[in-house]
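Structural description and commentary
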Amino acid sequence: MKAVMIVYNHGITEEVNEALESLGIRGYTKFLNVHGQGSEKGEPHLGSHIWPSQNAVVLTVVKDELVDPLLEKVKAIDKEAEEQGIHAFVWTIEKMM
């Protein structure tokens, strides 16, 4: 099992939801109104008057074989909406109950 955390501009929520649904990923936790900025480029997403954009985060735990297809979908979203910002992070889950 792997944990996949997807951090993205809230403006592309529909695309992220569709990616999860298309792979049959039903279980996730979503964090809304998340603030931050990319480490290399892009504007800050701080929910402020000056930087009004905000991020969201989806955290899901999936079978290993779903990781690469999910990352491909994230990559496709990024290609279509590069200015919005989306990143995915993966790590191993040792135990789950």
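Refer to the structure presented above.
Residues numbered from 1 in each chain as written. Predicted model: local features only at pLDDT ≥ 70, side-chain atom pairs only at ≥ 80, totals over all residues. Heavy atoms only, no water.

1. What about the overall build of the protein?
- Along the backbone of the protein there are 2 helices and 4 strands.
- Seen in sequence order, the protein has helices and strands lined up from the N terminus as β-α-β-β-α-β.
- Counting only C-alpha atoms and orienting by the principal axes, one finds that the protein spans roughly 40 × 30 × 25 Å.
- Taking all 97 residues of the protein together, 27% fall into the buried category.
- Considering only intrachain contacts with a sequence separation of at least 6, the fraction spanning at least 24 residues in the protein is 74%.
- Just so you have it, the protein exposes about 6,800 Å², and 52% of that area is on carbon and sulfur atoms.
- Across the protein, the centroid of the 9 positively charged side chains sits 7 Å from that of the 15 negatively charged ones. (Helix = DSSP H or I, 4+ residues; strand = E, 2+ residues; numbered from the N terminus. Buried < 20%, exposed > 50% of the residue type's maximum accessible area, 1.4 Å probe, protein only. Contact = heavy atoms within 4.5 Å. Areas by Shrake-Rupley, 256 points an atom, 1.4 Å probe, with all protein chains shown as cover. Lys, Arg positive; Asp, Glu negative; His and termini not counted. Charge placed at Lys NZ, Arg CZ, Asp CG, Glu CD.)

2. Re the layout of surface pockets
- Here the largest pocket defines a volume of roughly 530 Å³.
- Lining the largest pocket we find 23 residues, and of these Gly38, Lys41, Gly85, Ile86 and His87 sit closest to its centre.
- When residues of the lining of the largest pocket are traced back to their parent elements, those giving at least two are strand S1 (2-9) and strand S4 (86-92).
- Of the residues in the lining of the largest pocket, the class split is 5 nonpolar, 12 polar and 6 charged. (1 Å grid on protein atoms, 1.4 Å probe; cavity = no way out; pocket = protein on both sides within 12 Å on 5 of 7 lines; lining within 4 Å. Points joined across faces, edges and corners; volume = space filled by probe spheres on them. Nonpolar A, V, L, I, M, F, W, Y, C, P; charged D, E, K, R; others polar.)

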